[in-house]
2 protein chains.
Amino acid sequence: MSFTKVTVAGGGVLGSQIAFQTAFKGFDTTVWLRSEDSIKRARPKFERLRDIYLGILDNAKTNEKAPWPAGWGAKLDAAGIDALKEQVLKAYDNLKLTTSYEEAANVDFLIESIAEDPAQKTAFYQELAKYLPEHTVVATNSSTMIPSMFAEATGRPEKYLALHFANEIWSHNTGEVMGHAGTDQKYYDMVVEFAKQIGMIPLLLHKEQPGYILNSMLVPFLNASMSLWANDVADPETIDKTWMLGTGAPAGPFRILDIVGLTTAYNINAMQPDASDPTSMHAKIAAKLKTKIDAGELGINAGKGFYNYSK
Amino acid sequence: MSFTKVTVAGGGVLGSQIAFQTAFKGFDTTVWLRSEDSIKRARPKFERLRDIYLGILDNAKTNEKAPWPAGWGAKLDAAGIDALKEQVLKAYDNLKLTTSYEEAANVDFLIESIAEDPAQKTAFYQELAKYLPEHTVVATNSSTMIPSMFAEATGRPEKYLALHFANEIWSHNTGEVMGHAGTDQKYYDMVVEFAKQIGMIPLLLHKEQPGYILNSMLVPFLNASMSLWANDVADPETIDKTWMLGTGAPAGPFRILDIVGLTTAYNINAMQPDASDPTSMHAKIAAKLKTKIDAGELGINAGKGFYNYSK
């Protein structure tokens, strides 16, 4: 029992990547978007993904040492690469973009990847529920919320769970699979199987956990590191060097923060209940991060964060 | 201005390694031990270190790909290796083992690496202070205590600080350098210089911090990981895989715990103020660790921990 038709709701960074990878892996894929305007904004993202996939393939054809995305399976020879290029073009051509709930609902599996706003998600699920066929399984890609928050709104709590992706899913191919207390194991297993089919490594959670596995470790780790910096115990370079020497890791916490983005780290700290107390560690970290953010040092995407990335 | 004569107080795992590496790097090195019995127990440790060093050198001579300890400097050719073997033998022969405070004190730099017991450390420093020449700098290698706890007992707070080593210092060659509020920068700098001279990478702390840099990050990271396990969210293998895939690290938290040792992780959790409340996370983690410890699954040194290491 596996899925054939899949809808991804939402055309943001992750939504577009999930949809493109799903189509690339041969699924009949629909993207649901809120409005014609959203469709207009989503199109260039799919063009860009098509070009990224083609670029990687062209590169792999001429360069033995070129990176091969982990989410694509085994590395192929020139003929295989040409076949994959066909698949990329076909995926791009076949993607169906719609604003219709009815059309979006008419699939075996729907992945919700709309804005991280509980009210919007609830409203989306309630409207969707009117059109969903009995058998459709629904998953959320939410990073910051848990499925039990929306299970009732979907009208099918037993067929509802989370499938959580990482950015650049073609190479960071993890799929954290997490149900809520009412998820039926049968549908959980189907989603695990689907994750494998689209080239993800499924990471199984047996219980609901805010932050899933990775962020449940990453957030306290990064905060402990930022505490050392906010308390002027040591500078970011020294802290990173210590972590790398002590654990053999290729990057320390401040290098990771540059990838995560300082705004995200700021929001996590500023959101904490004790952040209004300026003597709390969360407030101290937020204040130091804000100085960098105000200076435009937002991380690797801005060319500068804790490290300098400009050429 | 640098040190010539050095004493290491304590012949435990770290004390013996620090003394041997210091002698190997050409310093006139004395080891202070509490009793003739302690001297008897320390001798085989130095023999073992001598044989480890010689073994690595012999291996490097015949095998191009053999590991070369980071704490030894640049890799040498066969002639250079023979010269280093001489240095190892000389280091072993020249190590002075003594129970005399007077003899131990008569140096430029003394590193205290005795038992992690505040009363024993205080008594040691107070007795030592009677014999220390004016110029002698003193450092503690304590992992769990901070220098301000003993600064007064040394009688020379301005010349007292911490220099913290990692196990197998010849290859894990970090030296965390940490003063207390009353440490004079001049002596701090001398200890940084000494750390370099014996092949360590000095990691500079600008303030006192329990746990230094590495453990200040490692403890919350490992506890966050163990919380996921203690709460039955995911199994250790999945958690490790998630960390490795998500951060590119060569090992996940449970692999690191096997190296740290489960008893140490247990003690850290059981020592927390809220560990007496069985519903606290520290208590839950301690209880799960205890089950493994009782089964003899103590970590890599026991052949089994979270992973199996027996052949």
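Residues numbered from 1 in each chain as written. Chains lettered and ligands numbered in written order. Predicted model: local features only at pLDDT ≥ 70, side-chain atom pairs only at ≥ 80, totals over all residues. Heavy atoms only, no water.

**Concerning the packing of aromatic side chains**
(1) Moving on: Here the structure, examined in full by the defined rule, presents 45 aromatic pairs over all chains.
(2) Moving on: Members of the aromatic cluster, joined through ring pairs, are A:Trp32, A:Tyr101, A:Phe124, A:Tyr125, A:Tyr131, A:Phe150 and A:Tyr160.
(3) Moving on: Positioned above the aromatic ring of A:Tyr307, the side-chain terminus of A:Arg255 is 3.8 Å from the ring centre.
(4) Moving on: Residue placement shows B:Arg50 over the ring face of B:Tyr92; its charged tip is 4.4 Å from the ring centre. (Phe/Tyr/Trp six-rings, centres within 6.5 Å; stacked < 30°, edge-to-face > 60°. Lys NZ or Arg CZ within 6 Å of the ring centre and 35° of its normal.)

**Things to note about the UniProt feature "domain: 3-hydroxyacyl-CoA dehydrogenase NAD binding" (unreviewed entry) in chain A**
(1) Moving on: What UniProt calls "domain: 3-hydroxyacyl-CoA dehydrogenase NAD binding" (unreviewed entry) maps, in this numbering, to residues 5-207 of chain A.
(2) Moving on: The distance from the first to the last C-alpha atom of residues 5-207 of chain A is 28 Å, and the span holds 42% helix and 18% strand. (UniProt positions renumbered as here; feature names shortened; annotations may be inferred. Helix = DSSP H or I, 4+ residues; strand = E, 2+ residues; numbered from the N terminus.)

**A word on the environment of B:Phe24**
Residues and elements named next belong to chain B.
(1) Moving on: With respect to the helices, strands and loops of the structure, phenylalanine 24 is situated in helix H1 (residues 13-24).
(2) Moving on: The class of phenylalanine 24 is buried, set by a relative accessible area of 1%.
(3) Moving on: Residues phenylalanine 24 and isoleucine 213, 189 residues apart in the sequence, show an inter-C-alpha distance of 27 Å.
(4) Moving on: Other than its neighbours up to four places away in sequence, phenylalanine 24 contacts Tyr53, Trp72, Leu84, Gln87, Val88 and Ala91. (Buried < 20%, exposed > 50% of the residue type's maximum accessible area, 1.4 Å probe, protein only. Contact = heavy atoms within 4.5 Å.)

**Overview of the interface of chain A and chain B**
(1) Moving on: Taken together, the contact pairs 39 residues of chain A with 39 residues of chain B.
(2) Moving on: Taking both sides of the interface into account, the surface hidden between chain A and chain B amounts to around 3200 Å²; carbon and sulfur atoms contribute 77%.
(3) Moving on: When residues of chain A are sorted by the area they lose upon contact with chain B, A:Met217, A:Val233 and A:Trp243 head the list and together hold 20% of the total.
(4) Moving on: Counting the contacts that link chain A with chain B gives 0 salt bridges.
(5) Moving on: The interface formed by chain A and chain B contains 4 residue pairs in polar contact (both at pLDDT 80 or more). (Buried area = accessible area lost by both parts, 1.4 Å probe. Salt bridge = Lys/Arg side-chain N within 4 Å of Asp/Glu carboxyl O. Polar contact = N/O pair within 3.5 Å; in protein donor to acceptor, adjacent residues only side chain to side chain.)

**Quick notes on the nonpolar core**
(1) Moving on: The biggest cluster of nonpolar side chains holds 60 residues, and the ones touching the most others in it are A:Phe221, A:Met226, A:Leu289, B:Phe221 and B:Met226.
(2) Moving on: Dropping the residues within four chain positions of it, A:Met226 is found in contact with A:Phe254, A:Leu257, A:Ala265, A:Asn269, A:Ile285 and A:Leu289. (Core = buried A, V, L, I, M, F, W, Y, C linked by side-chain atoms within 4.5 Å.)

**Let's talk about the domain arrangement of chain A**
(1) Moving on: Per the domain assignment, the segments making up chain A are domain 1 (3-203) and domain 2 (215-300).
(2) Moving on: Its C-alpha centre places domain 1 of chain A at a distance of 31 Å from the equivalent point of domain 2 of chain A. (Domains from an automatic or database assignment.)

**Quick word on the relation of the copies chain A and chain B**
(1) Moving on: Between the two copies, chain A and chain B, the superposition gives an RMSD of 0.0 Å; the rotation angle is 180° and the shift along the axis is 0.0 Å. Both copies of the chain, as the preceding transformation shows, are related through a two-fold rotation axis.
(2) Moving on: Comparing interface residues between copies, 100% of those in chain A also lie at the interface in chain B; the contact surface is shared. (Least-squares fit on C-alpha atoms with pLDDT ≥ 70 in both.)

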